[in-house]
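# Commentary on secondary and tertiary structure
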Amino acid sequence: MIYPTRRAIYLLLLGAPMALALGLIRPELWLVATGWIGVILACLILDTIAGANPRHLALDARFPYQVGVGDPFELSLTATGRAVPPRAELALALDERLAEGGRLAGDMRRTSTGESLTRTLPLTASRRGQALVEALWIRWAGPLGLVWKQRKFAIDGAIHVVPSLRAVTDEGSRLFQRGSWFGLRQQRFRGEGTEYEALAEYQPGMDRRAIDWNASARHVKLLAKEYRVERDNRVVLAIDSGRTMAEPVGGMPRVDRAVSAALLLAYVGLKLGDRISFFSFAAKPQTLTPAYMHTQDFPALQRAASLIDYAHVESNFTLALTTLSTQLNRRSLIILFTEFTDATSADLMIRAAGRLVKKHRLLFVVIKDEEVEAEERRRPESGADVTRANVAAAMLRDRQLVIARLQRLGADVIEVPADAMGASAVEAYLAIKQKGSL
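Read on for an overview of the structure. Keep in mind that what you see is a predicted model, and the values were worked out from it rather than measured.

## A closer look at the overall build of the protein
Of regular secondary structure, the protein possesses 15 helices and 19 strands. For the protein, the residues scored as buried account for 44% of the 438 residues in total. For the protein, long-range pairs separated by at least 24 residues make up 73% of all intrachain contacts whose partners lie at least 6 apart in sequence.

Set out below in structure tokens:
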């Protein structure tokens, strides 16, 4: 496609006032204006013929088949042809999961060899699902700058955005690296717990309540009982995918952050020999996987996590937690990733949690609302700022009230920053295991 630039249009329009001025001053010279327009048209034709031809371009677009939500990746574009311009403009139509508004614009530069135009775009997927990369437009100006030469390339590709495994690969490998697992971390799991392991000579720093006085009297030295953390515990990772969890925090929906943290917890739990299952719900229960206990079952949990969809309806905690309770035939640790804003809307959740906590261990994981906290701390400069600060303070008080009511029922609640959700949840899970309170 070839069409005139703004410069060409302005030069052509300049012929009209020129003809009018000459017609008033020197009527016999009015043909000069017509000649001006003819020169510009000739230059347009020359500019169209000269330089690279859009029909001779070929596009090579490369991007990954699958990426994790929130993980950065690159989309590489290369246009080759017989003759390429030194610079070209690009416009890329793609899914809103990859770019706000579904459009990206930029420049392409000619390589040092002069055979192609290249550009690498850094992208980050903001939501899970299938993100389409639809089409690319490339255009450049002719040598005289009078015409645009444009070519549209239909890409029609798709990038599958799945739950991110970055936390699993980074944090998981750090937790279970060889030196840590057979050194300090092994010592942490041995010596704390509820299952008797062995008698060992008492060392400074050990719990004095673990001293076996009868055995110490027989051997004439202090001996202490060592315990090990229980294994084969049932752990349910419950994810609320309702309206409040679909809202973004830090550029990513809360539910996606919860899924990534749950996958890290699943990896750690499988490594420690526990039985891990996923449960998700919104207006009604959606998924409850079988209980897996081997690391080779982790891909099955990953597939189940990728099916957790965004729901723009209120979550039904009564139905969800009641359904989950009927599916569990033994005491379990239920780690619930959810969000609550005020005491009134969270009342049904608290009642359902009160019934569940009588039989199971319940841990709530919620993301700190740093935006509301910032509004509450911000120094007011106008009346509107004072109003916002008061509303933010009231919301934070309601939030702390809900947390206090859950803790009085016997549930554990951790409020964590969005970027540290996975690590904080793992620490809370390990602390519960070490206490042997499952």
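Having seen the structure, we can now continue with the description.
## Describing unusual backbone geometry
Even without being a glycine, Asp156 presents a positive backbone phi close to 50 degrees. One can find Asp156 in strand β9 (residues 147-162). Given the relative accessible area of 64%, Asp156 is considered exposed. Phi is positive for Val220, close to 55 degrees, though the residue is something other than glycine. As for its position among the elements, Val220 is in the loop between α7 (213-219) and β11 (223-228). On the basis of relative accessibility, which here comes to 73%, the residue Val220 falls in the exposed class.

## Some points on the pattern of salt bridges
Throughout the structure, instances matching the rule amount to 21 salt bridges. As a salt-bridge pair, Asp256 and Arg128 come within 2.4 Å of each other at their nearest N and O atoms. Of this pair, Asp256 sits in helix α9 (residues 254-271) while Arg128 sits in the loop between β7 (116-124) and β8 (129-141), and the two are 128 residues apart along the sequence. By relative accessible area, Asp256 is classed as buried at 0%. Ionic pairing is found between Arg257 and Asp419, a salt bridge with its closest N-O pair at 3.3 Å. Here Asp419 lies in the loop between β19 (412-416) and α15 (421-435) and Arg257 lies in helix α9, a separation of 162 residues in the sequence. For Arg257, a relative accessible area of 11% corresponds to the buried category. Three or more residues joined by partner-sharing salt bridges are found here, namely Arg243, Glu247, Arg254, Glu314, Glu339, Arg399 and Glu415.

## A short note on the nonpolar core
As a rule of thumb, soluble globular proteins bury nonpolar side chains together. The biggest cluster of nonpolar side chains holds 43 residues, and the ones touching the most others in it are Leu237, Ile335, Phe337, Val365 and Tyr429. Elements with a minimum of two residues in this core: β12 (234-240), α9, β15 (275-281), α10 (298-306), β17 (332-337), β18 (361-367), β19 and α15. Residues contacting Leu237, with those up to four places away along its chain left out, are Ala262, Leu265, Ala266, Ile276, Ser277, Phe278, Phe279 and Ile335. Val67, Ala79, Leu117 and Ile159 belong to the second largest nonpolar core, which has 30 residues in total.

## Re the packing of aromatic side chains
Summed over all chains, the structure comprises three aromatic pairs. Centroid distance Phe279 to Phe281: 5.8 Å. Interplanar angle 25 degrees. Geometry classified as stacked. Taking relative accessible area as the criterion, Phe279 reaches 3% and is therefore assigned buried. Owing to a relative accessible area of 0%, Phe281 belongs among the buried residues under this scheme. Taking 5.5 Å as the distance between ring centres and 70 degrees as the angle between the ring planes, the aromatic pair formed by Phe281 and Phe317 counts as edge-to-face. One end of the pair, Phe281, is in strand β15; the other, Phe317, is in helix α11 (residues 317-327), with 36 residues separating them in the sequence. For the pair Phe281 and Phe317, a shared accessibility class is recorded, and that class is buried. Over the aromatic face of Tyr310 sits the side chain of Arg127, whose NZ or CZ is 4.0 Å from the ring centroid.

## A word on the packing of helix α13 (residues 370-377) against helix α14 (residues 383-409)
Between two packed helices, both the angle of their axes relative to each other and the distance between the axes serve to describe the pair. At their nearest, the axes of α13 and α14 sit 8 Å apart, and the two run at 130 degrees to each other. It follows that α13 is oblique to α14 by the angle criterion. Like other packed secondary-structure pairs, α13 and α14 cross with a definite hand, here left-handed. Residues Val372, Glu373, Glu375 and Glu376 of α13 lie in contact with α14, whose contacting residues are Arg388, Ala389, Ala392, Ala393, Met395 and Leu396. Grouping the amino acids of the contact of α13 with α14 by side-chain chemistry returns six nonpolar, no polar and four charged.

## Considering the environment of Ala389
Within the secondary structure, Ala389 is located in helix α14. The buried category is assigned to Ala389, whose relative accessible area is 13%. Between the C-alpha atom of Ala389 and that of Val372, which follows or precedes it by 17 residues, the distance is 8.6 Å. Those residues within four positions of Ala389 in sequence are excluded, and the remaining contacts are Glu375 and Glu376.

## Details of a nonpolar patch on the surface
On the surface, a cluster of nonpolar side chains totalling about 330 Å² of accessible area is made up of Ile9, Tyr10 and Leu13. With respect to the helices, strands and loops of the structure, Ile9 is situated in helix α1 (residues 6-13).

Cut-off values and rules
Position numbers for residues start from 1 in each chain and track the written sequence from start to end. Where local features are concerned, this predicted model is filtered to residues with pLDDT of at least 70; where side-chain atom pairs are given and counted, the filter is 80 or more; whole-chain, interface and lining totals use all residues. Neither water nor hydrogens contribute to the side-chain values; these are computed over all heavy atoms in the structure. A helix here means a DSSP run of H or I that spans at least four residues, while a strand means a run of E at least two residues long, and both kinds are numbered starting from the N terminus. Type-normalised accessible area, obtained with a 1.4 Å probe on protein chains alone, sets the label of each residue: buried when under 20%, exposed when over 50%, and partly exposed for intermediate values. Any pair of residues with heavy atoms lying within 4.5 Å of one another is described as a contacting pair. Salt-bridge detection follows one rule: a side-chain nitrogen of Lys or Arg within 4 Å of a carboxyl oxygen of Asp or Glu. Think of a nonpolar core as a cluster: buried Ala, Val, Leu, Ile, Met, Phe, Trp, Tyr and Cys residues, connected wherever their side-chain atoms sit within 4.5 Å. Only Phe, Tyr and Trp rings are paired, with Trp represented by its six-membered ring, and only when their centres lie within 6.5 Å; those with planes under 30 degrees apart are stacked, over 60 edge-to-face, the remainder tilted. Two conditions define a charge located above a ring, namely a distance within 6 Å from the ring centre to NZ of Lys or CZ of Arg, and an angle within 35 degrees of the ring normal. Orientation is described by lines fitted to C-alpha atoms, with helices fitted over the stretch in contact, and by angles between N-to-C directions that extend from 0 to 180 degrees. For this classification, under 35 degrees means roughly parallel, over 145 means roughly antiparallel, 65 to 115 means roughly perpendicular, and everything else is oblique. By the definition used in this description, the sense in which the near helix is turned from the far one sets the handedness, with an anticlockwise turn below a right angle giving left-handed and a clockwise turn giving right-handed. Each residue receives one of three labels: charged for Asp, Glu, Lys and Arg, nonpolar for Ala, Val, Leu, Ile, Met, Phe, Trp, Tyr, Cys and Pro, and polar for the others, Gly being one of them. By definition, no residue in a patch forms a salt bridge, and every one has over 30% relative accessible area; like charges are joined within 9 Å, nonpolar side chains (Val, Leu, Ile, Met, Phe, Trp, Tyr) within 5 Å. With residues, only the protein chains shown are counted as cover, and all accessible areas are computed by Shrake-Rupley using a 1.4 Å probe.

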